[in-house]
Amino acid sequence: MTPTLNGNRWDDTWTKLESNFMTTMLQTNFSKMFQTLLAQKNEPGWLTALRREAMESFELIGLPTQEEEDWRYTNVQPIFSQEYQPESARTQDPIDMNRLELGNYQWHRLVFVNGNFSKELSSLENMPKGVVIQSLAQALQEGAPALEAQIKKSTPAQMNAFGALNLALFQDGAFIHIPEKTKVEIPLHVLFVSHRCGSAHEPVMANVKNIILAGAGSAATIVTSFLSLEDFLYFNNVSTDVFLAPGASVDFYDDQKESIQAFHMASAKVHLEKDARFHSTSVALGASISRNDLHLDLDAEGAVCDLKGIYFATGYQHVDNHLFIDHKKPRGTSKQLYKGILDGHASGAFSGKILIREGAQQTDAEQVNKNLLLSDFAKADTKPQLEIFADDVKATHGAAIGQLNEEEIFYLRSRGMREDNACSLLTFGFASDLVEKITLAPIRWELDRVFWTRLQEK
Amino acid sequence: MPKPENIFDQEYKYGFVTKIEEDQAPRGLHEDIIRFISAKKKEPKFLLEWRLKAYRRWLQMKEPAWQNVRFPKINYQDIIYYSAPKQKKDGPTSLNEIDQELLRTYEKLGIPLEEQKRFAGVAVDAVFDSVSVATTFKEKLKEAGVIFGSFSEAVHEHPELIEKYLGSVVPYSDNFFASLNSAVFSDGSFCYIPKGVRCPMELSTYFRINAADTGQFERTLIIADEGSYVSYLEGCTAPVRDKNQLHAAVVELVAHKNAQIKYSTIQNWYAGDAEGRGGIYNFVTKRGKCEGSGSKISWTQVETGSAITWKYPSVILMGDNSVGEFYSVALTNHMQQADTGTKMIHIGRNTKSTIISKGIAARRGSNTYRGLVRVMKGAANAKNYSQCDSLLIGERCSANTFPYLEVDNKTAKVEHEATTSKISEEQLFYCASRGISQENAISMIVSGFCKQVFKNLPMEFAVEATKLMGVSLEGSVG
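None of these values were measured; they are calculated from a predicted model.

A. Region of interest: the overall build of chain B. From N to C terminus, chain B includes 10 helices and 24 strands. On C-alpha atoms alone, chain B measures out to a radius of gyration of 22 Å, which is about the 23 Å that the 2.2 N^0.38 rule sets for 478 residues. By its C-alpha atoms, chain B is 65 × 55 × 45 Å across when sized along the principal axes. Within chain B, the proportion of its 478 residues that are buried is 63%. In chain B, the proportion of contacts linking residues at least 24 apart, taken out of those at least 6 apart, comes to 83%. Accessible surface, chain B: about 18,200 Å² in total, of which carbon and sulfur atoms supply 50%.

Structure representation (structure tokens):
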């Protein structure tokens, strides 16, 4: 057992010292970035004030440590063991579209390279009438009242360090606005490509802010992809705000295939009005440390959300999914199914809290997290949580951590299959009950392909 | 129509105060108080040193704040740390020397101390405020080699065992309340089962708080040597008072090779009134260590009392093939709060643990399950199954489930399930259509909900537990 002092870890004094030192160093780095950004940008006063507030808030709270319950399983220190330069410092090399391996789907496409909007790579023709999908920075410059109103709702004091940093430093991102009763048939694809430019010394930190507004009765499928052209170190700090007006319906896909050396911190806040519907699928395959915060705010009756997630980590990857479902009003439905495969020295964390507030009667909430450990060095931590303040509700959760079933392996071997193949097949089977439920076929195919390749490489 | 939560409404029968002269320490806490307690008990030097070490550590500690229960700040200087009924001479040697008032108290509580009146199968150690007043069937147990009696007595008679085992499971520096307890603990039960002995009867301790403004800080230590077996029961009550009283106990269990300890608790401290005035703060550290291979520790608890229950009876599964179990029913009615659960730490190979937790929250009660299952790197083939169900009765209650599953070994199999539900209209309608009154229907549903836990209790306790819960027990006698 680890010796304890005051209920904290025995090596606490040292880590605190170290972390204080780091925080000071970082704050210089980030405040420099902040000053540069303010000098470069000619933004309206309210935004500058908001950014300033966020920066102050970040400096006040500092970096999260594992002493904090929300960060118990994720150590963010490695992310901050080097300095970063802002995305704008990068000169852009032209990118060959073929390297993105997008396939032949004719999706609407908005592309960012190292956090900067790339007009050449984007393809936004034949957009249904009234639908806006554009660079957030551009929208802010042109003045979009709905967007401004949404950003003004931000409350830096309630954000964690990454959220505050994002608000203070964000450069660009996607702004999507679907007008009332509009149904967008073709998926809207937002790509964030990271690309190493020859001369750079310091890694880049991109603060990406996406804002999605879905009008009453509208429907759309939105895909965000994070990928890199080379294996290198960079840091994407992403914030996504989704607002669903009454009866709106959004299918959201988060496809994270960052470089294996990169850091990916993403946080999404989804607000659902009456009878709104939000389906999300999160795929986490890349990044050395990744964290997905997903906060669902079921703020009116009859809101429905269905959240699926799959993570597959190998090597020394760490992946953390952190969900919070806030049932505020009656008759809401929420479903979570998260599955993880952990190999090598990888570690996976899952934390999902379902809060059913007083008065949110007839809520139906369900949560399942399953983890498969494939190696002796892999690790899984899971923390499903229920907090219920209403009596007429249905709430269940389940969590499991285990390995492949020996009898099943034996069965396949008795049919002449090699052991490694049997294991691959069973692992694939573990994932496929979730993968099969993915409605957007290209995402499903791509996942199948990635899984097979990874399992074959084993 | 009566409300479903009414089945939990019973008068607290144990709320009376025994009028007896007590010998008390002055209010407050400092090193002299600790020396006072130690001197009262004529303790050997090592124990006083240990207490002082704990106290000095406690002074550096911060009160935890992560719990899901709310209470006003406790003023530790406003508590009387030692209070014992005045005795004519040192230590009663036979029942005749015990104050008649005390005997009557226990009779009233349903725990007669005269052996002939007792259930033949249960030995009782009766703890009154800070001291043990009597232990029954001591002679009979001695024949079997079992040592059972008050902690203070054991300090004198078996100091070597105390020195060896005290703090070996819950160190004096473990947590805020355990350190406080280590500094000021007054009495409790001590039990040692020698090698290969199956304890001939159930052992039990009955804790009674009587004096006002006191805190009860007892310490229980049970050691089951190789191949032995013991079933231990614990019950507790306190008078009705408007002021909260603190009860911060420590229980340590050690199970050697192939030994088994079954520990059952019926916790019925005064719960406070309907408005949440008064009641006991039950902040207890309970932990067992399955030290030897093939050992087993099983916790069963029925928590119906206390204004606040905050405890996690845990098992450290060190020995290979050792087994840990935790069965719990926690009822929070009116303004009661509970944050309880367990920790199963798998260290040895092929270790197994089971957690069954049933929480019932009625009216404005708040019920939290918090549990940790940790599988360490070397714990190959560890298995855990957890099930945590909550039953909500009334619109203003709350139920929370906070499990932590931390697995560091791929051969482990860890499963957790939890549900939250209420007594549905359909269930009641179904029973009504079969001619079962609503009251009986609710009683049946609650009884079914708790069944998995109650069946693990020894018979006498099962009967008491069902009475407390206002339910009838299937297949029970009487």
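B. Structural detail: the packing of helix α6 (residues 406-414) of chain A against helix α7 (residues 419-435) of chain A. All names here are of chain A. As a packed pair, α6 and α7 sit with axes 9 Å apart at the nearest point and diverge in direction by 125°. Considering their axes alone, α6 and α7 lie oblique with respect to each other. Along this stretch, α6 crosses α7, giving a crossing that reads as right-handed. Where α6 abuts α7, its residues Glu408, Ile409, Leu412 and Arg413 lie against Glu419, Ala422, Cys423, Leu425 and Leu426.

C. Seen up close, the nonpolar core. By size, the foremost hydrophobic cluster in this structure holds 105 residues, and its most contacted members are Phe278 and Leu296 of chain A together with Leu203 of chain B. Once you skip the residues sitting within four places of it in the chain, leucine 296 of chain A turns out to touch Val270, Leu272, Phe278, Cys305, Leu307, Phe324, Ile325 and Asp326 of chain A.

D. The packing of helix α9 (residues 438-454) of chain B against helix α10 (residues 459-469) of chain B, seen in detail. Residues and elements named next belong to chain B. Their axes nearest at 12 Å, the elements α9 and α10 cross at an angle of 150°. With respect to their mutual orientation, α9 and α10 come out roughly antiparallel. Once α9 is placed against α10, the crossing between them reads as right-handed. Residues Val446, Cys450 and Phe454 of α9 pack against Ala462, Ala465, Thr466 and Met469 of α10. Tallied by class, residues from the contact of α9 with α10 come to six nonpolar, one polar and no charged.

E. Region of the structure containing unusual backbone geometry. Residue and element names in this part refer to chain B. One non-glycine residue, asparagine 321, lies in positive phi territory at about 60°. Secondary-structure assignment places asparagine 321 in the loop between β16 (314-317) and β17 (323-332). Even without being glycine, asparagine 381 reaches a positive phi, approximately 60°. If you trace the backbone, asparagine 381 turns up in the loop between β21 (366-375) and β22 (383-393).

F. Representation of the domain arrangement of chain B in the model. For chain B, the domain assignment lists domain 1 (17-222 + 233-244 + 280-291) and domain 2 (431-473). One C-alpha centre belongs to domain 1 of chain B, the other to domain 2 of chain B, and the line joining them spans 32 Å.

G. Geometry of the pattern of salt bridges. Scanning the entire structure with this criterion turns up 45 salt bridges over all chains. Across the salt bridge formed by arginine 72 of chain A and glutamate 406 of chain B, the nearest N and O atoms sit 3.1 Å from each other. Highlighted residues: arginine 72 of chain A in the loop between α2 (45-61) and β3 (85-86) and glutamate 406 of chain B in strand β23 (residues 398-407), drawn from two different chains. Residue classification places arginine 72 of chain A among the partly exposed residues on the basis of a relative accessible area of 27%. Lysine 353 of chain A serves as the salt-bridge partner of glutamate 387 of chain A, at 3.0 Å between the closest nitrogen and oxygen. Placement of the pair is glutamate 387 of chain A in strand β21 (residues 379-388) and lysine 353 of chain A in strand β19 (residues 347-356), with a sequence separation of 34 residues. Of the residues examined, glutamate 387 of chain A reaches a relative accessible area of 13% and is grouped as buried.

H. Spotlight on the domain arrangement of chain A. All names here are of chain A. Domain annotation for chain A reports domain 1 (11-300) and domain 2 (404-458). Look at where the C-alpha atoms of domain 1 and domain 2 centre, and you get two points 32 Å apart. Taken residue by residue, the interface counts 11 residues in domain 1 and 12 residues in domain 2. Taking both sides of the interface into account, the surface hidden between domain 1 and domain 2 amounts to around 920 Å²; carbon and sulfur atoms contribute 73%.

I. Spotlight on the interface of chain A and chain B. Taken together, the 39 residues of chain A in the interface contact 37 residues of chain B. In total, chain A and chain B occlude about 3,200 Å² of area from one another, counting both sides; carbon and sulfur atoms represent 48% of this. Seen at the junction of chain A and chain B, the total is two salt bridges. The shortest N-O distance in the salt bridge between aspartate 408 of chain B and lysine 379 of chain A comes to 3.7 Å. The interface formed by chain A and chain B holds 14 residue pairs in polar contact (both at pLDDT 80 or more) in total. Broken down by secondary-structure element, the contributors of at least two residues to the side of chain A that touches chain B are β1 (4-5), β21 and β22 (394-402) of chain A. Residue classes in the side of chain A that touches chain B are distributed as 17 nonpolar, 11 polar and 11 charged. For β22 of chain A and strand β24 (residues 413-422) of chain B, the ladder comprises seven bridges, and the chain directions are antiparallel. Each bridged residue has a counterpart across the sheet, and for threonine 396 of chain A the counterpart in β24 of chain B is threonine 419 of chain B.

J. Quick look at helix α8 (residues 441-457) of chain A. All names here are of chain A. Its 17 residues place the ends of α8 24 Å apart at the C-alpha level, agreeing with the 24 Å of an ideal helix rising 1.5 Å per residue. Along α8, the positions that sit buried rather than exposed are Ala441, Pro442, Ile443, Leu447, Val450, Phe451, Arg454 and Leu455. Contact partners of the buried residues in α8: β10 (219-228), β12 (249-257), β14 (277-284), β16 (304-313), β18 (333-342) and α7.

Reading the values: rules and limits
Residues numbered from 1 in each chain as written. Chains lettered and ligands numbered in written order. Predicted model: local features only at pLDDT ≥ 70, side-chain atom pairs only at ≥ 80, totals over all residues. Heavy atoms only, no water. Helix = DSSP H or I, 4+ residues; strand = E, 2+ residues; numbered from the N terminus. Rg over C-alpha atoms; globule rule 2.2 N^0.38 Å. Buried < 20%, exposed > 50% of the residue type's maximum accessible area, 1.4 Å probe, protein only. Contact = heavy atoms within 4.5 Å. Areas by Shrake-Rupley, 256 points an atom, 1.4 Å probe, with all protein chains shown as cover. Axes fitted to C-alpha atoms, helices over the stretch in contact; angles between N-to-C directions. Parallel < 35°, antiparallel > 145°, perpendicular 65-115°, else oblique. Left-handed = near helix turned anticlockwise from the far one by under 90°. Core = buried A, V, L, I, M, F, W, Y, C linked by side-chain atoms within 4.5 Å. Nonpolar A, V, L, I, M, F, W, Y, C, P; charged D, E, K, R; others polar. Domains from an automatic or database assignment. Salt bridge = Lys/Arg side-chain N within 4 Å of Asp/Glu carboxyl O. Buried area = accessible area lost by both parts, 1.4 Å probe. Polar contact = N/O pair within 3.5 Å; in protein donor to acceptor, adjacent residues only side chain to side chain. Pairing = 2+ DSSP bridges. Expected span 1.5 Å × (residues − 1).

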